[in-house]
Amino acid sequence: MPTKMRNPSFNLAFLVGSLMVAASSAQLQVGFYETTCPKAESIVQSVVFEAIASNPGLGAGLVRLLFHDCFVRGCDGSVLIASTASNPSEQASVIDLTLRGFDVIDQAKAQIEAACPGIVSCADIVAFAARDSALKLGGINYTVAAGRRDGLESNEADPLNNLPQFSFTLAQLESSFSAKGLSVADMVILSGAHSIGIAHCSSFTNRLYPTVDPTLDPTFASTLLSLCPNDTSTNNPTTSLDYQTPNILDNKYYQDILNSKVLLTSDEDLTNSTSTLSLVKIFSQGGSWAPRFAASMQKMGQIGVLTGTEGNIRLNCS
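The shown structure was predicted, so the numbers you read here are calculated from the model rather than taken from an experiment.

Draft legend 1. Spotlight on the nonpolar core. Leu80, Ile105, Ile112, Phe293, Met297 and Met300 are the most contacted members of the largest nonpolar core, which has 76 residues in total. Counting residues per element, this core draws most heavily on helix 5 (residues 122-138), at nine residues. Contact partners of Ile105, with chain neighbours within four places excluded, come to Leu62, Leu65, Leu80, Ile125, Val126, Ala129 and Cys317.

Following this line, the structure appears as structure tokens:
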């Protein structure tokens, strides 16, 4: 992997992104709603826990929802805005078509509006819901600094221009994360969210056809070939991202990488540099990953936030 000295553009992107995160975080506050809406976080947690108890996959969806929100226009709830005839929103982007959890956010918002109208932003609800999902599925708990305001814009073109994609190389992943003020370590740590959730065959058939990627475990590849057709345009099955503990947010994902049993190119590519492979090995062995995941989630949740009089508080998240 190129060193920082050899990659000034990476340095500049990371510096700009880091300053953006630092400036944003200074205006957020843990316990922001203690006096104005003291039950806000408990309402979100209750709704999230109930939803996950009924469908564990929603937990992965809610964690992913925060990721897709924060990487596009900052953590402003813009991912929640529904498309209109005149304005296709982020939800219309091909990269956002499989997002889940909107109904959970809407349900939490409705209950909060009934308790304290016009106080709690949709952006904060997304951040709370992702934390509560990590707690429910992995026992990973952390504080969420709040005070985000909701964005007013959502455009179809923005996700593809900002989000890392499953086919990205390691260099492309590093560049994408650094542009948001997140380090290579943050990238590897946050990738651990792939220990929960599912992927459509179309997101990894590039590793199966026309020839099988030699980095795939042969038995694992055979299983995938039996599941996924070459043409996924009319038949696009899904499978778990982590074959070991698909509904538990844990470090098994890193073991999957070392065993050559991950689905996505972007996951396999974490073995392509000394620094990322070293972290994968560390996280595969013990409990050091969970607290670092919590810290990186907190950091990601502060990207480009709107605060103060910026944006607004949407009464309807969608």
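Having seen it, we continue.
Draft legend 2. Structural context of the state of the cysteines. For the coordinates displayed, the defined rule picks out four disulfides. The partner cysteine of Cys37 in its disulfide is Cys116, sulfur to sulfur 1.8 Å. With a gap of 79 residues between them, Cys37 in the loop between strand 1 (29-30) and helix 2 (40-54) and Cys116 in the loop between helix 4 (102-115) and helix 5 connect regions that are remote in the sequence. As far as burial versus exposure is concerned, Cys37 and Cys116 are alike and both buried. Here Cys201 engages in a disulfide with Cys228; their sulfurs sit 2.0 Å apart. Measuring handedness by torsion sign, the sulfur bridge of Cys201 and Cys228 sits at about -70 degrees and is left-handed. One end of the pair, Cys201, is in the loop between strand 3 (198-200) and helix 9 (218-227); the other, Cys228, is in the loop between helix 9 and strand 4 (238-240), with 27 residues separating them in the sequence. When sorted by exposure, Cys201 lands in the same class as Cys228, which is buried. Here the cysteine-cysteine linkages of the protein chain are recorded as 1-4, 2-3, 5-8, 6-7, numbering only bonded cysteines and doing so in sequence order.

Draft legend 3. Representation of the packing of helix 3 (residues 57-70) against helix 5. Where helix 3 meets helix 5, the closest approach of the two axes is 8 Å, and the angle between their N-to-C directions is 140 degrees. In terms of their interaxial angle, helix 3 and helix 5 are classed as oblique. As for the relative orientation of helix 3 and helix 5, their crossing is left-handed in sense. In this structure, helix 3 contributes Gly59, Ala60, Leu62, Val63, Leu65 and Leu66 to the contact, and helix 5 contributes Val126, Ala127, Ala129, Ala130, Ser133 and Leu137. Counted by class, the contact of helix 3 with helix 5 contains ten nonpolar, two polar and no charged residues.

Draft legend 4. Examining the packing of helix 2 against helix 5 more closely. Axis separation between helix 2 and helix 5 bottoms out at 9 Å; the angle between their running directions is 50 degrees. As far as their axial angle goes, helix 5 and helix 2 are oblique. Between helix 2 and helix 5 lies a crossing whose hand is right-handed. On the side of helix 2, the interface is formed by Glu41, Val44, Gln45, Val48, Phe49 and Ile52, while helix 5 contributes Ile125, Phe128, Ala129, Arg131, Asp132, Ser133, Leu135, Lys136 and Leu137.

Parameters at a glance
Residues numbered from 1 in each chain as written. Predicted model: local features only at pLDDT ≥ 70, side-chain atom pairs only at ≥ 80, totals over all residues. Heavy atoms only, no water. Core = buried A, V, L, I, M, F, W, Y, C linked by side-chain atoms within 4.5 Å. Buried < 20%, exposed > 50% of the residue type's maximum accessible area, 1.4 Å probe, protein only. Helix = DSSP H or I, 4+ residues; strand = E, 2+ residues; numbered from the N terminus. Contact = heavy atoms within 4.5 Å. Disulfide = S-S within 2.5 Å. Axes fitted to C-alpha atoms, helices over the stretch in contact; angles between N-to-C directions. Parallel < 35°, antiparallel > 145°, perpendicular 65-115°, else oblique. Left-handed = near helix turned anticlockwise from the far one by under 90°. Nonpolar A, V, L, I, M, F, W, Y, C, P; charged D, E, K, R; others polar.

Interpretation in functional terms is not warranted from these geometric data alone.
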